[in-house]
Amino acid sequence: MKVGEMVWWWWIYIAVAVQASIKGEDYVTYDGRSLIINGQRKLLFSGSIHYPRSTPQMWSSLIGKAKEGGVDVIQTYVFWNLHEPQPGQYDFSGRYDLVKFIKEIQAQGLYVCLRIGPFIESEWTYGGFPFWLHDVPGIVYRTDNEPFKFYMQNFTTKIVNLMKSEGLYASQGGPIILSQIENEYQNVEAAFHEKGPIYVKWAAKMGVELETGVPWVMCKQTDAPDPVINTCNGMRCGETFGGPNSPNKPSMWTENWTSFYQVYGGEPYIRSAEDIAFHVALFIAKKGSYINYYMYHGGTNFGRTTSAYVITSYYDQAPLDEYGLLRQPKWGHLKELHIMIKNCSTPLLQGVQSNFSIGPLQQAYVFKEGTGACVAFLVNNDATKNVTVQFQNNSFELLPKSIGILPDCQNMVFNTAKVTTKPNKRITTLTKMFNEVDMWKEFKEDIPNFLDNSLRSNSLLEHMNTTQDKSDYLWYTFSFQPNSTCPQPVLHVESLGHVVHAYINTIFIEAGHGSHDTKGFSMDIPITLIDGINNVSILSVMVGLPDSGAFLESRYAGLTKVTIQCSESYIYDFTNYTWGYQIGLEGEKLQVFKEQSLEEVEWSEIDDSTNKSLTWYKTTFDAPIGDEPIALNMSSMQKGAVWVNEQSIGRYWVSFLTSKGNPSQTLYAKIVGTMCLAHSSTLLEIY
């Protein structure tokens, strides 16, 4: 399907937005009001765009649209698990080309905030850590632990040295004006007791000693040691932020959530343009000088990169949607706000601030400069009604839950709740149908039995440690012969994984799953046993690894208990039993999604039999004409993953419905420019 846009209207302003000039030797310092670049205080708007969540062909357009929207800085995480898939082996190619991404930002005259972490969370599998870190002897993540500090420092140094070698720090004339070390560590700091504060000081010192020539920040970290700046994350930092932990540090907001990430089974979170604008204006009114929109463009979680239960589309409700199209009125309303604020930047950064009450739920924030320049923010915190207030002998009507901005303290020319940008609608156009059986070929997975598996254990193995993140799938198998006292057997399965498929004697019997908010689930399934040896095969499936919380290295996933109940008094317990294991699916081992493997697999005509099994499907087709973004509508499918020309465009799970009875996501992005749509193969889990 082609994804387009309706025509919308915007206001044309006779104003020039202040753009970052990145020429010559830029240097960055700060004081209690703002960052200072080349000796000038800066009021900066930033937007998060993550390079691996889009494609190199998209980067220029995304950055250009952000710049047109009044953004001065592009903020991105650095994704450790992508760049160092094995210890000492690095990958900066294709979508992972961080240097190319930053140079494109520089070419368009914008700054960069580089959030190295290297723990990032970000709804990214394993919080951005490479899974090999899990097997380092004696390691405990994100604390005063020598093995962890060694590898964290090694990767951080690798990234800093790479940036230096390319001359990308502002101190070298490059665009990077900020770096971040760690990420929202205060959320877990207490779990590490006395080692938590020690680690914070070590991480800050380690970053500063890398001598980037630009400031470091720690978000949501009130104990960030000097000279590292503590910053706010959230939707309402103008109300929740306690401020910098030193009067010599500026007030900065590193994550202003423009919507929220979405999980399978969850509805999208719609945050209005008015609400975002209100809290941006309030933060500025309270001397904020740096605001980053998280996300400005969310993009796509390609492959297996999402964290647990997170859908493939990321922050589609951002000012630039998953496809890079403008989402109105959000993009346009924020652009108007940015122009207004930047036109007042001198008194905001140089003037004296005062604030006072102008009503029971109304407040005025005023900035006056010695030259006579004056800016006022009139705040109405009443969300239910219009309010008329008196300010400097004039009356002003404020809309509910809004801020009126008076750039001369006389005339209100902008109100955060008054949206003039017309809304638009994303339009999809059907270009190709795949509804004929003879268009497809299939390859069915064999269901493994106990005797097929050489990996054995006398207990239930933990899923993630066994698969080493090489696959979502782990088969648990065992064989047993019941006695005659089991006339109505019930298979009971408990799991801390995400999905379970159960088979008896290679026949599918049932599937179940948990949810983002339910960490475990169980199944009780009536089964039929045969006389003699019975084979039980249970497929455990992960839909992303966890991404947050203390002691990430110790998390458990997979089966925790398996029994067959024959009567109230007689139960076979297989929890501590001899199990056979198979990591991954046969199709993954054969790499059936690769062109050179397609002919090596015995594909067959579609079988409409009632026996549900794991099946790979493939088809070929010509790419639609045009340069609009392309999406595959997967609404007729159930659960699996999709490859287009050997590239995985992510997992889908349309059978997991929301409380309103809808899939969380049906359109799956394939952006033109990454790969020509000539061949497609899809993995479907049928249940």
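Residues numbered from 1 in each chain as written. Predicted model: local features only at pLDDT ≥ 70, side-chain atom pairs only at ≥ 80, totals over all residues. Heavy atoms only, no water.

As a further point, take unusual backbone geometry. Peptide bonds are trans in most cases, and residues, glycine excluded, mostly fall at negative phi. For the bond from Asp226 to Pro227, the omega torsion is 5°, close enough to zero to count as cis. Of note, Pro227 is situated in the loop between β9 (216–219) and β10 (229–234). Omega for the peptide link from Gln328 to Pro329 comes to 15°, which places this bond in the cis form. As for its placement among the helices and strands, Pro329 is situated in the loop between β12 (288–297) and α8 (330–343). (Helix = DSSP H or I, 4+ residues; strand = E, 2+ residues; numbered from the N terminus.)

Take the sheet that holds strand β15 (residues 374–380) next. With antiparallel pairing, the 5 strands of this open sheet are ordered in space as β13-β14-β15-β18-β19. In the strand order of this sheet, the two ends are held by β13 (352–359) and β19 (414–415), each with one partner. Running over the sheet, helix α7 (residues 273–285) touches β13, β14 (362–368), β15 and β18 (402–406) and is turned about 130° from β15. (Pairing = 2+ DSSP bridges. Contact = heavy atoms within 4.5 Å. Axes fitted to C-alpha atoms, helices over the stretch in contact; angles between N-to-C directions.)

Another aspect to go through is helix α3 (residues 98–107). Within the sequence span of α3, burial applies to Leu98, Val99, Phe101, Ile102 and Ile105. The arc that holds the buried residues of α3, viewed along the axis, is 160°, so those residues lie on one side. Phi turns positive one or two residues past the end of α3, at Gly109, with a value near 80°. (Buried < 20%, exposed > 50% of the residue type's maximum accessible area, 1.4 Å probe, protein only. Arc of directions from axis to C-beta.)

Within a pair of aromatic rings, the relevant descriptors are the distance that separates the centres and the angle that separates the planes. For the structure shown, the criterion picks out 54 aromatic pairs. On the basis of an interplanar angle of 55° and a centroid distance of 5.4 Å, the ring pair of Tyr264 and Trp653 is categorised as tilted. Note that Tyr264 is positioned in the loop between β11 (251–257) and α7 and Trp653 in strand β35 (residues 647–653), a separation of 389 residues in sequence. Across this residue pair, the class does not change: Tyr264 and Trp653 are buried. One Lys or Arg, Arg53, reaches over the ring of Tyr314 and ends 3.7 Å from the middle of that ring. (Phe/Tyr/Trp six-rings, centres within 6.5 Å; stacked < 30°, edge-to-face > 60°. Lys NZ or Arg CZ within 6 Å of the ring centre and 35° of its normal.)

Our next topic: the state of the cysteines. As enumerated under the stated definition, the model contains 3 disulfides in all. In this model, Cys232 is linked to Cys237 through a disulfide, with the two sulfur atoms separated by 2.0 Å. Between Cys232 and Cys237, the S-S dihedral sits near -85°, and the bridge is therefore left-handed. Look at Cys232 and you get buried, because its relative accessible area is 6%. The partner cysteine of Cys486 in its disulfide is Cys566, sulfur to sulfur 1.9 Å. (Disulfide = S-S within 2.5 Å.)

With that out of the way, let us pick up the pairing of strand β28 (residues 534–541). The element β28 is extensively covered by neighbouring structure, given that 8 of its 8 residues are classed as buried. Residues Asn534, Val536, Ile538 and Ser540 point to one face of β28 and Asn535, Ser537, Leu539 and Val541 to the other, with burial holding for every one of them. When strand β23 (residues 473–480) meets β28, the two strands line up antiparallel, connected through 8 bridges. Bridging from a neighbouring strand, Ser479 pairs with Asn535 of β28. Summarising the sheet, strand β25 (residues 499–504) and β28 pair through 6 bridges and their orientation is antiparallel. The residue bridging Ala502 from the neighbouring strand is Ile538, located in β28.

According to UniProt, the positions carrying the feature "domain: Glycoside hydrolase 35 catalytic" (unreviewed entry) are residues 34–338. Helix makes up 29% of residues 34–338 and strand 19%. Its end C-alpha atoms lie 16 Å apart. (UniProt positions renumbered as here; feature names shortened; annotations may be inferred.)

Let us now look at the confidence of the model for the chain. Of all residues in the chain, 93% have pLDDT values of 70 or greater, and the mean over the chain is 92. Of the regions scoring below 50 in pLDDT, residues 672–681 engages in 39 contacts with residues more than four places distant in sequence or in other chains. (pLDDT = per-residue confidence, 0-100.)

Looking now at the side chain of Ser34. Here Ser34 is to be found in the loop between β2 (28–30) and β3 (35–37). A polar contact is formed between the side chain of Ser34 and the backbone nitrogen of Lys42, at a distance of 3.3 Å. In contact with Ser34, not counting residues within four places along its chain, are Arg41, Lys42, Pro250, Ser289 and Leu349. (Polar contact = N/O pair within 3.5 Å; in protein donor to acceptor, adjacent residues only side chain to side chain.)

Either a parallel or an antiparallel arrangement is found when strands of a sheet pair, and the pairing is made through backbone hydrogen bonds. Taken together, 3 strands build an open sheet; the order of strands is β2-β3-β4 and the sheet is antiparallel. A single partner strand is all that each edge strand has here, and the edge strands are β2 and β4 (40–42). Going across the sheet, the axis of each strand differs from the next one's by a mean of 40°, ignoring polarity.

Our next topic: the nonpolar core. In this structure, Leu114, Met163, Ile177 and Phe377 are the most contacted members of the largest nonpolar core, which totals 123 residues. Here this core gets 9 residues from one element, more than from any other, and that element is α7. Each residue touching Leu114, except ones within four places of it in the same chain, is listed here: Thr76, Val78, Leu98, Ile102, Ile159, Met163, Ile176, Leu178, Ser179 and Gln180. Among the nonpolar cores identified, the runner-up in size contains 29 residues, and Tyr309, Trp475, Leu585 and Leu632 belong to it. (Core = buried A, V, L, I, M, F, W, Y, C linked by side-chain atoms within 4.5 Å.)

At their nearest, the axes of helix α1 (residues 56–68) and α3 sit 10 Å apart, and the two run at 25° to each other. With respect to each other, α1 and α3 are oriented roughly parallel. In the crossing of α1 with α3, the sense of the turn from one axis to the other is right-handed. In this structure, α1 uses Pro56, Trp59, Ser60 and Ile63 to contact α3, whose residues at the interface are Lys100, Phe101, Glu104 and Ile105. (Parallel < 35°, antiparallel > 145°, perpendicular 65-115°, else oblique. Left-handed = near helix turned anticlockwise from the far one by under 90°.)

Moving on: α8. Since the α-helix advances by 3.6 residues per turn, residues separated by three or four positions end up pointing in the same direction. With 14 residues, α8 extends 20 Å between its outermost C-alpha atoms, agreeing within 8% with the 20 Å of an ideal straight helix rising 1.5 Å per residue. Taking burial as the measure, the 14 residues of α8 include 12 buried ones, the bulk of the element. All buried positions along α8 are accounted for by Lys330, Trp331, Gly332, His333, Leu334, Glu336, Leu337, His338, Ile339, Met340, Ile341 and Lys342. (Expected span 1.5 Å × (residues − 1).)

Along the chain, the position of Asp446 falls in the loop between β21 (441–444) and β22 (455–457). Residues Asp446 and Thr506 lie 60 residues apart in sequence; the distance between their C-alpha atoms is 8.2 Å.

Here we take up the pattern of salt bridges. Any two side chains of opposite charge can pair, so long as their charged atoms come close to each other. Under the defined criterion, the tally for this structure stands at 20 salt bridges. The closest approach of N and O atoms between Asp275 and Arg271, which form a salt bridge, is 2.7 Å. The partner of Lys444 in a salt bridge is Glu442, with the nearest N and O atoms 3.8 Å apart. You can call Lys444 partly exposed: its relative accessible area is 28%. Taking relative accessible area as the criterion, Glu442 reaches 2% and is therefore assigned buried. (Salt bridge = Lys/Arg side-chain N within 4 Å of Asp/Glu carboxyl O.)

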